[in-house]
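Structural overview for review
Residue strings, one per chain:
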Amino acid sequence: MSQNYAIPDSNFDKMVTLSDAAWTLLAAHPIDQIDFDVVAEKAGVDRELARVLSGSVQRLVMAKMAELDRQSLIETYNDIRDAGEVSIREKIIESLLHWFETYAPYRLQIDQLNRSARRHPDLALHLIVDLEALIRRVLVMSGDPARGLRGMARVRGVAGVFLVTARVWMKDDSNDLAATMKMLDQRITQAEEWGISLRIFD
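Residues numbered from 1 in each chain as written. Predicted model: local features only at pLDDT ≥ 70, side-chain atom pairs only at ≥ 80, totals over all residues. Heavy atoms only, no water.

This part covers a negative patch on the surface. A contiguous patch of negative charge, built from Glu 75, Asp 79, Asp 82, Glu 94 and Glu 101, is present on the exposed surface. Every element with two or more residues in the negative patch is listed here: α4 (57–81) and α5 (88–103). Along the polypeptide, Glu 101 turns up in helix α5. (Patch = residues over 30% accessible without salt bridge, like charges linked within 9 Å, V, L, I, M, F, W, Y side chains within 5 Å. Areas by Shrake-Rupley, 256 points an atom, 1.4 Å probe, with all protein chains shown as cover. Salt bridge = Lys/Arg side-chain N within 4 Å of Asp/Glu carboxyl O. Lys, Arg positive; Asp, Glu negative; His and termini not counted. Charge placed at Lys NZ, Arg CZ, Asp CG, Glu CD. Helix = DSSP H or I, 4+ residues; strand = E, 2+ residues; numbered from the N terminus.)

Put into structure tokens, the structure is as follows:
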């Protein structure tokens, strides 16, 4: 099989290249059917070293998602910082919408993960934990410290908004993600109303 990546120099570069290779393969294969040796060969990394660096295909895929999440958050942070006075609500919506924009080229990978998560509870749990961590970072960046039980409730409420909106996003092929934006706005409004009635939001 031909190698599609330049040979990386450092172990960090090798880990990034391995993650990229696993992510590319995920577009066409369920995560549990991706051969680790094929990933290593595609990345141009010795397979024994590849296992030492990453351990599994799932770890590589999660590492790639962490990289994309970080990219999305940093870009949103820079946009918010330059935008002047913006409400917490607007910041949350902007953060989530930019996540959907960042992952738009990777709907095939997200679809494969969703399908695999139904068969593999460990993967589903990992995805849920990572989603809640992402949402907590979004809230903190938006000006909500998300502390205590009420903070946890807000994290899970926004995570629920995210998951419902993601179903629309998966089918939204418009350039501006208009349908995704509409659903996101509606669900955030609904979550705010529930939050106020349950005293989750002041």
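So, about the nonpolar core. Formed by 53 residues in total, the largest nonpolar core has its most connected members in Trp 23, Val 39, Val 61, Leu 113 and Ile 135. A total of 9 residues in this core trace back to one element, the largest contributor, which is helix α7 (residues 121–142). Once residues lying within four places of it in the same chain are set aside, the contact partners of Ile 135 are Leu 96, Val 155, Val 158, Ala 159 and Phe 162. (Core = buried A, V, L, I, M, F, W, Y, C linked by side-chain atoms within 4.5 Å. Buried < 20%, exposed > 50% of the residue type's maximum accessible area, 1.4 Å probe, protein only. Contact = heavy atoms within 4.5 Å.)

Turning to the pattern of salt bridges, a few remarks are in order. Here the structure, examined in full by the defined rule, presents 10 salt bridges. Across the pair Lys 64 and Asp 20 runs a salt bridge whose closest N-O atoms are separated by 2.8 Å. Of this pair, Lys 64 sits in helix α4 while Asp 20 sits in helix α1 (residues 11–26), and the two are 44 residues apart along the sequence. Look at Lys 64 and you get buried, because its relative accessible area is 9%. A relative accessible area of 21% means that Asp 20 is categorised as partly exposed. Across the pair Asp 185 and Arg 89 runs a salt bridge whose closest N-O atoms are separated by 3.2 Å. Taken together, the residues span a long stretch of sequence, with Asp 185 in helix α9 (residues 178–197) and Arg 89 in helix α5 at a distance of 96 residues. Residue classification places Arg 89 among the partly exposed positions, given a relative accessible area of 23%. Taken together, the shared-partner salt bridges in this structure form one network comprising Asp 20, Lys 64 and Glu 67.

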